[in-house]
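The lines below spell out each chain.
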Amino acid sequence: MGDVLLQDLWFHQVDGVVIENVVSEGELVYVRARTAVERAGCPACRTLSARLHS
């Protein structure tokens, strides 16, 4: 099964996530993903940040 097909089947409905690469190697599937936004609000304090904090 091709990598593009795996990406379309499994990850097309994840809002806010960009799938950069999907590789299938036997029984393993490796996914490289990142957020689609540069900043996000901390779930604890609601402060906008471009990196993980506390």
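Here we summarise the structure given alongside this text. Since this is a predicted model, take the numbers as computed values, not measurements.

1. Things to note about the pairing of strand β1 (residues 17-25)
So, point 1. Both β1 and strand β2 (residues 28-35) contribute to a ladder of 8 bridges, which runs antiparallel. The residue of β2 that forms the bridge with V22 is V31.
So, point 2. Where β1 folds back on β2, the antiparallel hairpin that results is connected by 2 residues, among which G26 adopts a positive phi of roughly 65°.

2. What about the environment of V31?
So, point 1. Looking at the element boundaries, V31 is found in strand β2.
So, point 2. Taking C-alpha positions, V31 is 7.3 Å from I19, a pair spaced 12 residues apart along the chain.

3. What about the side chain of S49?
So, point 1. Following the sequence through the fold, S49 ends up in strand β4 (residues 48-49).
So, point 2. Discounting residues that sit within four places of it in the chain, S49 has contacts with E38, R39 and A40.

4. Concerning the pattern of salt bridges
So, point 1. Overall, the coordinates contain 1 salt bridge when judged by the stated rule.
So, point 2. Across the pair E20 and R34 runs a salt bridge, and its minimum N-O distance is 2.6 Å. Of this pair, E20 sits in strand β1 while R34 sits in strand β2, placing them 14 residues apart in sequence.
So, point 3. On the basis of relative accessibility, which here comes to 43%, the residue E20 falls in the partly exposed class.

5. Side note on the environment of S49
So, point 1. Accessibility expressed as a relative area gives 17% for S49, which makes it buried.
So, point 2. A C-alpha to C-alpha distance of 5.2 Å links S49 and R39, two positions 10 residues apart in sequence.

Calculation notes
- Residues numbered from 1 in each chain as written.
- Predicted model: local features only at pLDDT ≥ 70, side-chain atom pairs only at ≥ 80, totals over all residues.
- Heavy atoms only, no water.
- Pairing = 2+ DSSP bridges.
- Helix = DSSP H or I, 4+ residues; strand = E, 2+ residues; numbered from the N terminus.
- Contact = heavy atoms within 4.5 Å.
- Salt bridge = Lys/Arg side-chain N within 4 Å of Asp/Glu carboxyl O.
- Buried < 20%, exposed > 50% of the residue type's maximum accessible area, 1.4 Å probe, protein only.

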